[in-house]
Amino acid sequence: MSKDLNLKVTGLTKEYGPTKAVDNISFSITEGEVVGLLGPNGAGKTTTINMILGVLEPSGGDIEIFCKSAKENRSLVNEHLNLAAVYAQLPENLTVWENLYVFGLLYNIQDLKGRIKYLLKEFDLEKFKDQKAGVLSSGEQSRLNLAKAILNEPKLLLLDEPTASLDPSTSRLIREKIRKFVDRTGAAILWTSHNMNEIEAMCDRVLFLSHGKILLEGNPRTLPKEYNKKDLEELFIAVAREPLSLEL
Amino acid sequence: MKNLKRVYAVFIRQVFLLRGNPIRLVNIFLWLSVDLLLWGFISRYLDTLGKATFSFATVLLGAVILNEFLTRVQQGVMTTFLEDVWSRNFLNFFASPLKIKEYVGGMVVSSIFTSAAGFSVMIMIAGLGFGFNILRIGFYLLPFLIILFLFGATLGILAISIILRFGPSAEWIGWPIPFALSPFMGIFYPVSALPHALQAVARAIPASYVFEGMRKILMTGHFSNDLVPMLLVGSGLALIYLVLMYLIFFKVYRYVLKNGLIGRFGAE
């Protein structure tokens, strides 16, 4: 049985004057699939994510989310997607509970108080519920960000370096929570990270971006061998330094 | 229902902020109280000079209260927006299903509450401290407040449009907008006191009709029928400006979406 297409990107382009931040990329993600979006800084990963979220208008191309045009159904499709990003912290002057409550209202969550209670327990945040988000450690803030990101049980979850600057133990915990969420809900995930071990462990497929273009695509566990590289990290470095040498 | 929930989310966020840090109440209550006390004492002093045929306290305090109300509405909208700027919350907010009209709606609802709270405190201070009761304007106070509210919200949306377009540093252009317009609003003097060319500017400002009307009622002690067209023009202008300003804000939002400013707003 074929899986549902949760995200379909066709010919997506973003130009800033003469610069093409994202250059005519196409890809799709099906239900339950975890796709890694890799590339050096400035490759166009965050630009791509921002366009999918609807906070950046593409210069060209189409984005379909759950088979609906994202441009024409922005509010509707955003009810079923969510984001956790290292650069998108929740308001520090609200408590953990208040943050989840405000975003729960925005995402129209039914039985919101019950849902918050569940998430506080799931992410081990119960004891911090009345503390302001700004006083939490970075690990606790990451757990809060992730709790907010799955508040609405999204069918498409965008994770932009969700474990950046976290210690290995917290990173593993975050990855376990995400894996558990995907297994339970069948959500699709687009994941950017500079941690190649993490990508190898979590992603079913990776897309390598360089200068706004998708250069390579494939299984993160077999792709390095296809290009005579020892591992994903070596492949990443090659893409970052000599992208032309890898073009097919 | 979903729309109302999202408007409520924007509003309840402000309530949480006030509850979490009561020092924020200073912005709602303290400065307007100081302003009212200052003008209250000035008018009391002027009344002792005894030459005028009317009570300075009546006219000046009425003007101060209504002007502060207008300013508080503008600042209410602006502060709600700035909270998202200061906490770098744009990406999370605008990546949610929140629509721009719901966001603006939430800011306006927040300012209704903050300006109403401020207004109540001003009535109390004016009554207890200086024996002035603005409620003696009677039923007609309501259309005055509505016009001022609509115009204050318009100025608030103007301020946030400027900030959204030019970045957080443009906040300093936003704060003094009501003050910049105040010479032309006829707050403390009749519009006829302005040079002829500037009277045309004053007539284009909805608030000027309110201050003219208020002065007339307080000085004559009754509502005359010639105030009706003034109120209608004031209301009409306020509504037109509000709609136009919302459209401008929406255009600015589209510009910001196109240029990717939401994701990197703090850097502007």
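Described below are features of the structure shown in this document. (Residues numbered from 1 in each chain as written. Chains lettered and ligands numbered in written order. Predicted model: local features only at pLDDT ≥ 70, side-chain atom pairs only at ≥ 80, totals over all residues.)

**A word on the overall build of chain B**
Counting its secondary structure elements, chain B contains 11 helices and 0 strands. Counting from the amino terminus, chain B carries its helices and strands in the arrangement α-α-α-α-α-α-α-α-α-α-α. Relative to the compact-globule value of 18 Å for 268 residues, chain B shows a C-alpha radius of gyration of 20 Å, a close match. Taken over the C-alpha atoms alone, chain B extends approximately 60 × 40 × 35 Å along its principal axes. Going through the 268 residues of chain B one by one, you find that 44% of them count as buried. When contacts within chain B are restricted to residue pairs at least 6 apart in sequence, long-range pairs at least 24 apart make up 76% of them. (Helix = DSSP H or I, 4+ residues; strand = E, 2+ residues; numbered from the N terminus. Rg over C-alpha atoms; globule rule 2.2 N^0.38 Å. Buried ≥ 20, exposed ≤ 12 C-beta atoms within 10 Å, placed from the backbone. Contact = placed C-beta atoms within 7 Å.)

**Brief notes about helix α11 (residues 227–259) of chain B**
Residues and elements named next belong to chain B. Between its terminal C-alpha atoms α11 stretches 47 Å, which fits the 48 Å expected from 33 residues at 1.5 Å a residue. Those residues of α11 not exposed but buried are G234, L237, A238, Y241, L242, M245, F249, Y253 and V256. In this structure, the buried side of α11 is in contact with α5 (100–130), α6 (141–166) and α10 (206–220). Looking one or two residues past α11, G260 carries a phi angle of roughly 70°, positive in sign. (Expected span 1.5 Å × (residues − 1).)

**Here's the deal with the environment of P162 of chain A**
All names here are of chain A. Examined against the element boundaries, P162 turns out to sit in the loop between β7 (156–160) and α6 (168–185). Each C-alpha atom of the pair P162 and R221 lies 21 Å from the other, and the pair is 59 residues apart in sequence. If near-sequence neighbours (up to four positions away) are discounted, P162 is found in contact with A84, V86, S142, L146 and I174.

**Notes on unusual backbone geometry**
Positive phi is not limited to glycine here, since N24 of chain A has a value of about 55°. Among the structural elements, N24 of chain A can be located in strand β2 (residues 19–30). Unusually for a residue other than glycine, R88 of chain B sits at a positive phi of about 50°. Assignment of secondary structure puts R88 of chain B in the loop between α3 (56–86) and α4 (90–94). We classify R88 of chain B as partly exposed; it has 18 C-beta atoms within 10 Å.

**Here we look at the interface of chain A and chain B**
Interface size is often expressed as the accessible area that is lost when the parts come together. At the junction of the two partners, chain A supplies 26 residues and chain B supplies 27 residues. Secondary-structure elements contributing two or more residues to the side of chain A that touches chain B are α1 (45–53), α2 (74–78) and α3 (96–106) of chain A. It is α3 of chain A that contributes the most residues to the side of chain A that touches chain B, 5 residues altogether. Partitioned by chemical class, the residues of the side of chain A that touches chain B number 13 nonpolar, 8 polar and 5 charged. (Nonpolar A, V, L, I, M, F, W, Y, C, P; charged D, E, K, R; others polar.)

**Re the sheet that holds β7 of chain A**
Residues and elements named next belong to chain A. Pairing is mixed across the open sheet formed by 6 strands, whose spatial order is β6-β7-β8-β3-β9-β10. If you trace the sheet from one side to the other, it starts and ends with β6 (81–85) and β10 (213–218), each paired once. The sheet shows a mean angle of 20° between the axes of neighbouring strands, direction not considered. The pairing of strand β3 (residues 34–38) with strand β8 (residues 188–192) spans 4 bridges and is classified as parallel. Directly across from G36, in β8, lies its bridge partner W191. Packing of helix α5 (residues 138–149) onto the sheet brings it into contact with β6 and β7, and relative to β6 it is tilted by some 170°. (Pairing = 2+ DSSP bridges. Axes fitted to C-alpha atoms, helices over the stretch in contact; angles between N-to-C directions.)

**Description of the pairing of strand β4 (residues 60–65) of chain A**
Residues and elements named next belong to chain A. Both strand β1 (residues 5–16) and β4 contribute to a ladder of 5 bridges, which runs antiparallel. Note that in β4 the partner of T10 across the bridge is D62. When β4 meets strand β5 (residues 68–69), the two strands line up antiparallel, connected through 2 bridges. Residue E64 lies in a different strand from β5, and its bridge partner there is S69. Here β4 folds back onto β5, and the loop between the two strands holds 2 residues, one of which, F66, carries a positive phi near 50°.

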